[in-house]
Amino acid sequence: MVRNLDLTALRSFVAVSDAGGVTRAAGMLNLTQSAVSMQLKRLEESLDVALLDRTARTIALTPAGEQLLGYARSMLATNDEILNRLTATEFEGELKLGVPHDIIYPVIPAVLKRFAAEFPRMQVRLISAPTRKLLPMHGRGEVDLILTTEETCGPDGQVLIELPLIWIGAEDGVAWRRRPLPVAFCKNCIFRSGVLQALNADGIDWNMAVDSDHDSAIEAAVSADLAVHVSLKGCLPPHTVPVEHGGLLPALKPQNINLYVLKPEDQPSQAMARIIQQCYDAPRLAPQLLTA
């Protein structure tokens, strides 16, 4: 007797794995929590194995669940590709997505991959620019969607997540102990003025050790322990770590990652916005952010 796996149940299983729980997965799938739980139960009964370890505080996969996950992703990818190529409404063209350099990872690669699966004929142009440049571009209609890092959010934007702003430096670095404090910032960095004001308010002397137009120059200087910088927690550049300053540097205000959509009624833009929202809401797709 040939048995068939239920693709709907497999999709719920993958969503629970990615989201880290039934409640978040239900939101991603636009289903009720009980519907997702029932699908998982039917899937486990059809395979006669336990797929989820429900004894811990958070849901984890059993060894059988870990084995199934790769197969499930492959089956769903094939299913979605067939549907997109044979039955989906064809959208062609280019979608422009603007994202600041420092928040491309860890979320945006997953966003681009999912969007490409849903709209295989659409091209996404990823524009990496500071928030100070992206907001005017959005205002002029030059980009379809932008993500920004801001202390507040504009009236036509949506807050995706609030994250702490922290001091960062080199591994085992001592730059943060020096006075005047050597700091490194891009000229268009949205955090620059607020951080310098915080240093002035605390009476901490500082000097601009690196003042560059390029993020890579800032990252190189900080990782070489020539200066300190700031970053949203979970979005640190390579070879840098949070500075454990014990209160010797000022506390910084948390910042939002915001989403702005130029034409919310446009279907590809709607899909991109939905995928971005879901990825920021899924702890396994953005673990550094949501465990920060």
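Report follows, based on the coordinates. Predicted model only: the values in this text are computed from it and were never measured.

Here is what the cut-offs are and how they apply
- Note on numbering: residues in each chain are counted from 1, in written sequence order.
- A pLDDT threshold of at least 70 governs which residues receive local features in this predicted model, and a stricter bar of 80 or more applies before side-chain atom pairs are shown or counted, although totals over entire chains, interfaces and linings include all residues.
- Computation of side-chain values covers all heavy atoms of the structure but excludes hydrogens and water.
- Under the DSSP-based scheme used, a helix requires at least four consecutive residues in state H or I and a strand at least two consecutive residues in state E, with every element numbered from the N terminus.
- Residue exposure (1.4 Å probe, protein chains only): buried if accessible area is under 20% of the type maximum, exposed if over 50%, otherwise partly exposed.
- We call two residues in contact whenever any of their non-hydrogen atoms come within 4.5 Å of each other.
- Here the accessible surface of atoms and residues is derived via Shrake-Rupley with a 1.4 Å probe, and residues count as covered only by protein chains that are part of the display.
- Neither His nor the chain ends contribute to the count of charged residues, in which Lys and Arg are positive and Asp and Glu negative.
- Throughout, a charge is located at the NZ atom of Lys, the CZ atom of Arg, the CG atom of Asp or the CD atom of Glu.
- Pairing of aromatic rings covers Phe, Tyr and the six-membered ring of Trp, with a centre-to-centre limit of 6.5 Å; geometry is then stacked below 30 degrees between planes, edge-to-face above 60, and tilted otherwise.
- Here, a strand pair is defined by DSSP locating no fewer than two bridges between the strands.
- Definition used for salt bridges: Asp or Glu carboxyl oxygen within 4 Å of a side-chain nitrogen of Lys or Arg.
- For helices, the axis comes from a line fit to the C-alpha atoms of the stretch in contact; other axes are also lines fit to C-alpha atoms, and the angle between any two N-to-C directions lies between 0 and 180 degrees.
- Directions drawn from the helix axis to the C-beta atoms are what define this arc.
- Here, a disulfide means two cysteine sulfur atoms that sit within 2.5 Å of each other.
- Only residues whose relative accessible area exceeds 30% and that form no salt bridge enter a patch; like-charged residues are grouped when within 9 Å of one another, and nonpolar side chains (Val, Leu, Ile, Met, Phe, Trp, Tyr) when within 5 Å.
- For this classification, under 35 degrees means roughly parallel, over 145 means roughly antiparallel, 65 to 115 means roughly perpendicular, and everything else is oblique.
- Crossings are assigned a handedness: left-handed for a near helix turned anticlockwise from the far helix by less than a right angle, right-handed for a clockwise turn.

Assigned secondary structure in the protein chain consists of 10 helices and 12 strands. Overall size of the protein chain, expressed as C-alpha extent along the three principal axes, is 75 × 45 × 30 Å. For the protein chain, the residues scored as buried account for 44% of the 292 residues in total. The contacts in the protein chain between residues at least 6 apart in sequence include a share of 75% that link residues at least 24 apart. Looking at the protein chain as shown, the accessible area adds up to about 15400 Å², and 52% of this sits on carbon and sulfur atoms. One way to put it: in the protein chain the 27 positive side-chain charges average out to a point 1 Å from where the 33 negative ones average out.

What describes a pair of aromatic rings is the distance from one ring centre to the other and the angle between the planes of the rings. What the rule picks out here adds up to one aromatic pair. Plain terms: the ring middles of Phe-115 and Phe-119 are 5.0 Å apart, the flat faces sit at 25° to each other, and that makes the pair stacked. Take Phe-119: its relative accessible area is 7%, and that puts it in the buried class.

Neither face of strand β10 (residues 229-232) is exposed, since His-229 and Ser-231 on one face and Val-230 and Leu-232 on the opposite face are all buried. As judged from the four bridges shared by strand β7 (residues 165-170) and β10, these two strands associate in the antiparallel manner. Its bridge partner lying in β10, Ile-168 is registered against His-229.

Moving on, we come to the pattern of salt bridges. One pass over the structure, following the stated rule, counts 11 salt bridges. Three or more residues joined by partner-sharing salt bridges are found here, namely Lys-187, Arg-192, Asp-211 and Asp-213.

Turning next to the sheet that holds strand β4 (residues 122-128). Strand order in the open sheet made by the five strands is β4-β3-β5-β12-β6, with mixed pairing throughout. The outermost strands of the open sheet, each flanked by one partner alone, are β4 and β6 (157-163). Going across the sheet, the axis of each strand differs from the next one's by a mean of 20°, ignoring polarity. Examined bridge by bridge, strand β5 (residues 145-150) and strand β12 (residues 255-261) share six bridges and lie antiparallel to one another. When the bridges of β12 are listed, Glu-150 appears paired with Asn-256. Helix α6 (residues 131-139) contacts β3 (93-99), β4, β5 and β12 of the sheet and is inclined by roughly 140° relative to β5.

Let's shift gears to α6. Regarding α6, the residues found buried are Thr-131, Leu-134, Met-137 and His-138. Looking straight down α6, one finds that the buried residues subtend no more than 125° of arc, so they occupy a single side. Buried residues along α6 sit against β3, β4, β5 and β12. Directly after α6, the chain includes Gly-141, whose backbone phi takes a positive value near 75°.

Moving on to the state of the cysteines. According to the stated counting rule, one finds zero disulfides in the structure shown. In this model Cys-189 remains outside any disulfide bridge; the closest cysteine sulfur is found in Cys-186, 6.7 Å from its own. For Cys-189, a relative accessible area of 14% gives the class buried. With no disulfide of its own, Cys-279 lies 14 Å from the sulfur of Cys-235, the closest cysteine sulfur.

This next bit is on a nonpolar patch on the surface. Together, Leu-5, Leu-47, Val-49, Tyr-71 and Met-75 give the surface a local cluster of nonpolar side chains, amounting to about 410 Å² of exposed area. Along the chain, Val-49 falls in the loop between α3 (33-47) and β1 (52-53). On the basis of relative accessible area, Val-49 is assigned to the partly exposed category, the value being 34%.

We now examine the sheet that holds β10. One open sheet accounts for three strands, arranged β10-β7-β11; its pairing is antiparallel. The open sheet terminates on both sides in strands that have one partner only, identified here as β10 and β11 (240-242). Averaged over all pairs of adjacent strands, the angle between their axes in this sheet comes to 50°, without regard to strand direction. Sheet topology note: the β7/β11 ladder contains three bridges and is antiparallel. Opposite Gly-169, over in β11, you have Val-241 as the bridge partner. On top of the sheet, helix α8 (residues 215-223) reaches β7, β10 and β11; it is set at about 65° to β7, its chief contact.

Where helix α1 (residues 7-19) contacts helix α2 (residues 22-29), the axes come no closer than 8 Å and their chain directions differ by 120°. One finds that α1 runs oblique with respect to α2. In the packing of α1 onto α2, the handedness of the crossing is right-handed. Counting all contacts with α1, which are made through Arg-11, Ser-12, Ala-15, Val-16 and Ala-19, the residues of α2 involved are Val-22, Arg-24, Ala-25, Met-28 and Leu-29.

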